[in-house]
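# Structural characterization, general
Now for the letters of each chain:
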Amino acid sequence: MKIKSIETFTTRNLVFVRVTSEDGLQGYGQIAPYHANISALVLHQQIAPHALGADCDAIEALTAACIWEEHKFPGSYICRAVGGLDTALWDLKGKRLGKSVCELVGGKPRQVEVYGSSMKRDISPEDEAERIKRLQDTYGYGAFKIRIASNFGNDVDVYPGRSEQVVKAVRKAIGDKTPLYVDANSGLTPRKAIETGRMLAQYGVCHFEEPCPYTELEWTKQVADALDIPVTGGEQDTDLAQFRRMINMRAVDIVQPDICYVGGFSRALEVAKMAAAVGMTCTPHAANLSMLTIFTLHMVAAIPNAGTHMEYTIEQDAWTNNLFMEPLVVRDGKVQVPEGAGWGVTVRPEWLANADYQISE
Ligand SMILES: [Mg+2]
């Protein structure tokens, strides 16, 4: 069955993609959030010409071909655009076969344990500890992630001492048994990252994310080699060869592809497979409650090397409110993988009606 049209429903933060096959069946996907309107233009202008008329079911081959054909334009925007196409095609395939996407790749819809992921640095250690404790009591999150250092901060903390203060306060609030993750968002040089890692070990932190600027694989490897705490990363990367290097040189202990950044579900699975081949855990990045979190639920329910807890943001982003007919719910620290065909969710028609519309056919 061939691809007949590719439609986008665009806002600045968010774009949903609808692919229609020759027989009129439709699948929905999504482009990575933020400046998503630019990625939608890339989808129509650079990707649609390769995809229209192509076989709907040969998803991996098509996404690989799109990236190869556009090899003069590697990186973020091409991968975001391809991710929109890829995720719509997986939904279409699931709907055609009457199966959930996670079933298509060897999983089963089930309850997934999530970690509550804080996105904030502009919060005092006391307030962060208080809200995380409240969320633990209310929703039963089995683990949490908090922010340390500064985003690409070159060793400068938000203010001197904040990183240790927030780790100490949150550890005290959630107790010794709850797994605690931290994310440095590329904030540290190797020497400072290793020193920080030793501090984190004293508080039982079990996941040290993106300690060094993410392109500096050798720096990250120095940190991973020096510490016992697992060093993690990969959310920013889009090139599968870079992932292969990162995994094979053990720059990280846990790899974290983002389905929408890396170019879709197929490519994220490819990264998980590379990791599985060397016995490495894959804990995908999923930092907002758009369709990204739904794609990620399907992924972790299907791959054999998923981490114990999946990322689930604790922030309330207004632009992710009320997107789907089937709201996501955290209960006892778990979220159910939607059970319907495809991704198992329906984007609200009124959201689509209010977005900017474009079609390639
Ligand atoms: Mg991160």
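Residues numbered from 1 in each chain as written. Predicted model: local features only at pLDDT ≥ 70, side-chain atom pairs only at ≥ 80, totals over all residues. Heavy atoms only, no water.

### A look at the overall build of the protein chain
Quick note on the threshold: Secondary structure follows DSSP: runs of H or I at least 4 residues long count as helices, runs of E at least 2 residues long count as strands, and numbering of each begins at the N terminus. This radius of gyration counts C-alpha atoms alone. The globule rule is 2.2 Å times how many residues there are, raised to the power 0.38. Burial classes: relative accessible area under 20% of the type maximum marks a residue as buried, over 50% as exposed, and values in between as partly exposed (1.4 Å probe, protein chains only).
Regarding its fold elements, the protein chain presents 13 helices and 13 strands. Relative to its length of 361 residues, the protein chain is compact, with a C-alpha radius of gyration of 20 Å against a globular reference of 21 Å. Dimensions of the protein chain along its principal axes, counting C-alpha atoms only, are 60 × 40 × 35 Å. Classification of the 361 residues of the protein chain by burial places 58% in the buried group.

### Description of the pairing of strand β11 (residues 310-313)
Definition in use: Note on pairing: DSSP must find at least two bridges between two strands before they are called paired.
Burial along β11 is two-sided: M310 and Y312 facing one way and E311 and T313 facing the other are all buried. When strand β4 (residues 111-117) meets β11, the two strands line up parallel, connected through 4 bridges. For S117, the partnering residue across the bridge sits in β11 and is T313.

### Focus: the environment of A275
Along the chain, A275 falls in helix α11 (residues 265-277). Each C-alpha atom of the pair A275 and V182 lies 21 Å from the other, and the pair is 93 residues apart in sequence.

### Describing the coordination of the magnesium ion
Put simply, the rule is: Donors, by definition, are the N, O and S atoms found within 2.8 Å of a metal, the threshold being 3.2 Å for Na, K and Ca, and water is not counted, so a site can look incomplete.
Those protein atoms acting as donors to the magnesium ion are D183 (OD), E209 (OE) and E235 (OE), and they sit at 2.0 to 2.1 Å. Between consecutive donor residues of the magnesium ion, the sequence gaps follow D-x25-E-x25-E. Taken together, the residues D183 in strand β6 (residues 180-183) and E235 in the loop between β8 (231-233) and α9 (240-248) connect sequence positions 52 residues apart. Assessed through its relative accessible area of 0%, D183 is described here as buried. Classification of E235 by relative accessible area gives buried; the value is 7%.

### Quick word on the domain arrangement of the protein chain
Applicable threshold: Each domain's extent was defined by an automatic or database domain assignment. Simply put, the buried area is the total loss of 1.4 Å probe accessible area from both parts when two parts are fitted together. Take a side-chain nitrogen of Lys or Arg and a carboxyl oxygen of Asp or Glu: if they are within 4 Å of each other, that pair is a salt bridge. Each polar contact in these results corresponds to two N or O atoms within 3.5 Å; when the atoms are within protein, one needs to be able to donate a hydrogen and the other to accept it, and residues that are neighboring in sequence are counted only if both atoms are side-chain atoms. Residues are grouped as follows: Ala, Val, Leu, Ile, Met, Phe, Trp, Tyr, Cys and Pro are nonpolar; Asp, Glu, Lys and Arg are charged; all remaining types, including Gly, are polar.
Domain boundaries assigned for the protein chain yield domain 1 (3-98 + 347-360) and domain 2 (103-336). If you average the C-alpha positions of domain 1 and of domain 2, the two centres end up 27 Å apart. Carbon and sulfur atoms supply 68% of the area buried between domain 1 and domain 2, which totals about 2,100 Å² over both sides. Considering only the surface of domain 1 that becomes buried against domain 2, Q30, W90 and R348 emerge as the three largest contributors, covering 26% of it. Across the contact surface, domain 1 and domain 2 share 0 salt bridges. Between the two partners, domain 1 and domain 2, sit 8 residue pairs in polar contact (both at pLDDT 80 or more). For the side of domain 1 that touches domain 2, the elements supplying multiple residues, two or more each, are β3 (26-31), α2 (59-69), α3 (76-97) and α13 (349-354). Examining the composition of the side of domain 1 that touches domain 2, we find that 11 residues originate from one element, α3, more than from any other. Residue composition of the side of domain 1 that touches domain 2, by class: 16 nonpolar, 9 polar and 5 charged.

### Looking at the nonpolar core
The nonpolar side chains of a soluble globular protein tend to be buried, and buried together. Condition: To form a nonpolar core, buried Ala, Val, Leu, Ile, Met, Phe, Trp, Tyr and Cys residues must be joined to one another through side-chain atoms within 4.5 Å. Note on definitions: a residue-residue contact is assigned when non-hydrogen atoms from the two residues lie within 4.5 Å.
Counting residues in hydrophobic clusters, the biggest one holds 71 residues, and the most contacted among them are I6, F16, V19, L85, L89, V255 and M299. Among the elements that take part in this core, α3 stands out by supplying 9 residues, more than any other. Looking at which domains feed residues into this core, each of domain 1 (3-98 + 347-360) and domain 2 (103-336) gives three or more. In this structure, L85 is in contact with I6, V19, L43, I47, A51, L62 and C66, ignoring residues within four places of it in sequence. Of all hydrophobic cores here, the second largest spans 43 residues; its members include V112, L135, F208 and C212.

### Details of the sheet that holds β3
Just so we agree on the cut-off: Axis lines are fitted through C-alpha atoms, for helices just across the contact stretch, and the angle between N-to-C directions can take any value from 0 to 180 degrees.
Taking strand neighbours across the sheet as the criterion, the 4 strands line up as β3-β2-β1-β13 in an open arrangement whose pairing is antiparallel. Two strands lie at the open edges of the sheet, namely β3 and β13 (356-360), each paired on one side alone. Mean inter-strand twist for the sheet, computed between neighbouring axes without regard to direction, equals 20°. Summarising the sheet, strand β1 (residues 3-10) and β13 pair through 5 bridges and their orientation is antiparallel.

### Some thoughts on unusual backbone geometry
Not every positive phi belongs to a glycine, and N154 is a case in point at roughly 50°. The topology assignment puts N154 in the loop between β5 (143-147) and α6 (162-174). Positive phi, normally seen in glycine, also occurs at D155, with a value near 75°.

### Remarks on the packing of α2 against α3
To keep it simple, the criterion reads: Relative orientations are named as follows: roughly parallel for angles under 35 degrees, roughly antiparallel for angles over 145 degrees, roughly perpendicular for angles from 65 to 115 degrees, and oblique for any other angle. Each crossing gets its hand from how the near helix is turned against the far one by less than a right angle, where anticlockwise is left-handed and clockwise is right-handed.
Interhelical geometry of α2 versus α3 gives an angle of 165° and a closest axis separation of 10 Å. By the angle between their axes, α2 is roughly antiparallel relative to α3. Crossing of α2 against α3: the hand is right-handed. Contact with α2, carried on its side by I59, E60, L62, T63, C66 and I67, involves I78, C79, V82, L85, D86, L89, W90 and K93 of α3 and no other residues of that element. Of the residues in the contact of α2 with α3, the class split is 10 nonpolar, 1 polar and 3 charged.

### Brief notes about the packing of helix α5 (residues 125-139) against α6
At a minimum axis distance of 8 Å, the contact between α5 and α6 shows a crossing angle of 30°. The angle between α5 and α6 falls in the class roughly parallel. Here α5 and α6 pass one another in a crossing that is right-handed. Contacts between α5 and α6 involve P125, E128, A129, I132, K133 and Q136 from the former and Q165, V166, A169, V170, A173 and I174 from the latter. Split into classes, the residues belonging to the contact of α5 with α6 amount to 8 nonpolar, 2 polar and 2 charged.

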